[in-house]
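A look at the structure
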Amino acid sequence: MLDNNLLHDLMARSALREQRAFAELYRYTGPKLFAVALRILRREDWAEEVLQESFVSIWNHANGYSSSKSAPMTWMTAIVRNRALDWLRRPNIEAGDENYDVLVESVADEGDGPDVQLGKAQAGRALAECLKLLSNNQRQSIALAYVHGLSHGELSEHMKEPLGTVKTWIRRGLERLKGCLDSNPSVG
Amino acid sequence: MRDALAAEYALGTLQGRARRRFERVLKEDPALRWQVDQWQERLLPLSEGITPVTPPARVWRSIDARIQGRARPSGIWQHLPFWRWLSATAATALVAVSVYWGLWLPTHNANKEYMVVVMSDQQLRPMMTVSWPMEDIGKAKLRIRVIGHQEMSPDTAWELWVLGGAERKPLSLGLITTHETQEVTIPSELLAAVNAAWGMAMSVEPKGGSPLGKPTGPVLYSGPCTKI
């Protein structure tokens, strides 16, 4: 688990243009964020490129980061995921040639679903509990969209269900998650 | 509806033109931005199961190369590239600000050595100066000049930080105002840090100052120390 106080400190010092603090921030968070990009992009060269772009952006915007809004890891993960998704959906780029079925299976292989592998952090536990309230389809489509960056269309194709059905799973699943997390005092 | 869109944006399933349009709205809608932040926070634990993978060393080398020149060196402030950086970016600012200095320094102190910090915004425009005499620092006060008529957002405070060195954290010199000229007494426990400072920074904090004893809000201005 990454220490939130340490990350806050490194972010603040990076905002003050302290290169050494920024290098340390990269050393602590780079491997996790690289893995996040890799899951979505499934090509190492692309993930390297996205990681590089993301950290240059983190450096440039560190002084606009406000810890009152979100935790450093949330902020940095959002930057990496957004860049990876943008990269994936650039016109004329096919996201590798692997079949998404492999992904669906790999998620299935990871146990009873994403809830099992959620971390030990309190927020993670709360999310895991709340995910249990979702139907299998809702849970799986949300996890595939988040972790592997699948679009509605890709989800529909690989879960072999109409687009409208998949969209409804996601929408209802997210609504339910929010209702559950907001009524759970251990979260945020 | 807004929250549903914020959720799908954070999840990544809001795509194409809708995503672009949503991002444009986000820039001007802090309430929506907040909803997205909330969703990113809620969904983050989904990434906790992802096993970290160490990226190749070339990634950091590229990042490092790209941020050079936009960085302040840590600790080795007397190092040559620092002065090169200073002369490239801040010398003009120093000249501009020295006009103020003529008015600000009492003439009989002309032989004294002063430390001057020209603090600039992100575009390297000088926005504020802090100065103090080098000798007799125990009795000295920091003289602060805010350049131009500046305004502070309501319910915020400006906090001044001394940057003492590579390993040390920014230390708070207290809150300042937007007044054009002001003086701040150096807390006695910070005399050594001010003496060894290589730079200063000013961050926007909640009313009453940072609750954490370190900068939590955006850093508006910062700059290196220069002896004159």
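Because the structure is a prediction, the values reported are computed rather than measured.

The rules we used
Numbering of residues starts from 1 in each chain and follows the order in which that chain's sequence is written. Chain letters start at A and ligand numbers start at 1, both assigned in the order the entries are written. Residue-level local features of this predicted model are given only where pLDDT is at least 70; pairs of side-chain atoms are given and counted only at 80 or more, and the full residue set underlies all totals for whole chains, interfaces and linings. Helix and strand assignments come from DSSP, with helices taken as H or I runs of at least 4 residues and strands as E runs of at least 2, each series counted from the N terminus. Residues with at least 20 other C-beta atoms within 10 Å of their own are called buried, those with 12 or fewer are called exposed, and the rest are partly exposed. The C-beta atoms themselves are positioned from the backbone. Throughout, a pair of residues is in contact if the C-beta atoms placed from their backbones lie within 7 Å. Put simply, Ala, Val, Leu, Ile, Met, Phe, Trp, Tyr, Cys and Pro go in the nonpolar bin, Asp, Glu, Lys and Arg in the charged bin, and everything else, Gly too, in the polar bin. Two strands qualify as a pair provided that DSSP identifies no fewer than 2 bridges between them. Where helices are involved, their axes are fitted lines through C-alpha atoms of the stretch in contact, as for all axes, and angles between N-to-C directions lie from 0 to 180°. An angle below 35 degrees is read as roughly parallel, one above 145 as roughly antiparallel, one from 65 to 115 as roughly perpendicular, and any other as oblique. Working rule for handedness: look at the near helix, and if it is turned counterclockwise from the far one by less than a right angle, call the crossing left-handed; if clockwise, right-handed. A score between 0 and 100, pLDDT records how confident the predictor is in each residue.

Thoughts on the overall build of chain A
The secondary structure content of chain A amounts to ten helices and zero strands. Going from the N terminus to the C terminus, chain A shows its helices and strands as α-α-α-α-α-α-α-α-α-α. In chain A, which comprises 188 residues, the proportion classed as buried is 46%.

Topic: the overall build of chain B
Along chain B, the regular secondary structure elements total seven helices and eight strands. Sorting the 228 residues of chain B into buried and exposed places 32% on the buried side. Once local pairs closer than 6 in sequence are excluded, the contacts in chain B between residues at least 24 apart make up 59%.

Re the interface of chain B and chain A
Contacts between the two partners involve 47 residues from chain B, matched on the other side by 60 residues from chain A. Elements supplying a minimum of two residues to the side of chain B that touches chain A: helix H1 (2-11), helix H3 (30-43), helix H4 (57-67) and strand E8 (219-227) of chain B. With six residues, the top contributor of residues to the side of chain B that touches chain A is H4(B). Taken together, the residues of the side of chain B that touches chain A break down into 25 nonpolar, 13 polar and nine charged.

Digging into the sheet that holds strand E7 (residues 199-206) of chain B
Backbone hydrogen bonds hold the strands of a sheet together, and the pairing may be parallel or antiparallel. Residues and elements named next belong to chain B. The strand order E5-E4-E7-E8-E1-E2-E3-E6 describes an open sheet built from eight strands, whose pairing is antiparallel. Two strands close off the open sheet at either side, each with one partner strand: strand E5 (171-176) and strand E6 (181-185). Adjacent strand axes in the sheet meet at a mean angle of 25° when their direction is disregarded. Relative to E8, E7 runs antiparallel, the two sharing five bridges. In the sheet register, Met200 faces E8, and the bridge partner there is Gly223.

So, the packing of helix H3 (residues 44-61) of chain A against helix H4 (residues 72-88) of chain A
Residue and element names in this part refer to chain A. For the pair H3 and H4, interaxial distance at closest approach is 9 Å and the crossing angle is 135°. It follows that H3 is oblique to H4 by the angle criterion. Relative to H4, the crossing made by H3 is right-handed. Residues Trp46, Val50, Leu51, Glu53, Ser54, Ser57 and Ile58 of H3 touch H4, and the partners they reach there are Met76, Ile79, Val80, Arg83, Ala84 and Trp87. Here the residues of the contact of H3 with H4 sort into nine nonpolar, two polar and two charged.

Some words on H1(B)
For H1(B), the full list of buried residues reads B:Ala6, B:Ala7, B:Glu8, B:Tyr9, B:Ala10 and B:Leu11. Those residues of H1(B) that are buried lie in contact with helix H8 (136-148) and helix H10 (163-182) of chain A together with helix H2 (16-27) and H3 of chain B. Just downstream of H1(B), B:Gly12 is the residue with a positive phi angle, here 105°.

Regarding the confidence of the model for chain A
Summary statistics for chain A give a mean pLDDT of 81 and a share of 78% for residues scoring 70 or more. Counting contacts from residues 94-117 of chain A, a segment whose pLDDT is below 50, to residues more than four positions away or on other chains yields 29 contacts.

Quick notes on the pairing of E6(B)
Residue and element names in this part refer to chain B. Where burial is concerned, little of E6 is hidden: zero out of the five residues are buried. Bridge analysis of strand E3 (residues 141-146) against E6 gives five bridges, and the strand direction is antiparallel. Its bridge partner being in E6, Arg143 is matched across the sheet by Glu183.

A closer look at the environment of B:Thr156
Residue and element names in this part refer to chain B. With respect to the secondary-structure elements, Thr156 resides in strand E4 (residues 156-163). Here the alpha-carbon distance between Thr156 and Val204, two residues 48 residues apart in the chain, equals 6.5 Å. Apart from the residues lying within four places of it in its own chain, the contact partners of Thr156 are Val204, Glu205, Pro206 and Lys207.

Here we look at unusual backbone geometry
Even without glycine at this site, A:Arg17 takes up a positive phi of about 65°. With respect to the secondary-structure elements, A:Arg17 resides in the loop between helix H1 (4-15) and helix H2 (19-41). Notably, B:Asp155 is not glycine yet its phi reads approximately 60°, a positive angle. If you trace the backbone, B:Asp155 turns up in the loop between E3 and E4.

Topic: helix H7 (residues 122-131) of chain A
Judged by how many residues are buried, H7(A) sits mostly within the fold: seven of ten residues are covered. Three or more residues of H7(A) are buried, namely A:Ala123, A:Gly124, A:Ala126, A:Leu127, A:Ala128, A:Cys130 and A:Leu131.

Quick notes on the packing of H2(A) against H3(A)
All names here are of chain A. With their axes 9 Å apart at the nearest point, H2 and H3 run at an angle of 140° to one another. Considering their axes alone, H2 and H3 lie oblique with respect to each other. Considering how the two elements wind past one another, H2 and H3 form a crossing that is right-handed. Each of Phe22, Tyr26, Gly30, Leu33, Phe34, Ala37, Leu38 and Leu41 in H2 lies in contact with H3, whose residues at this interface are Glu44, Trp46, Ala47, Val50, Leu51, Ser54, Phe55 and Trp59. In terms of residue class, the contact of H2 with H3 is made up of 13 nonpolar, two polar and one charged.

Structural notes on the environment of B:Pro218
Looking at the secondary structure, you find B:Pro218 in the loop between E7 and E8. Sequence separation of B:Pro218 and B:Glu205 is 13 residues, and the distance between their C-alpha atoms is 8.0 Å.

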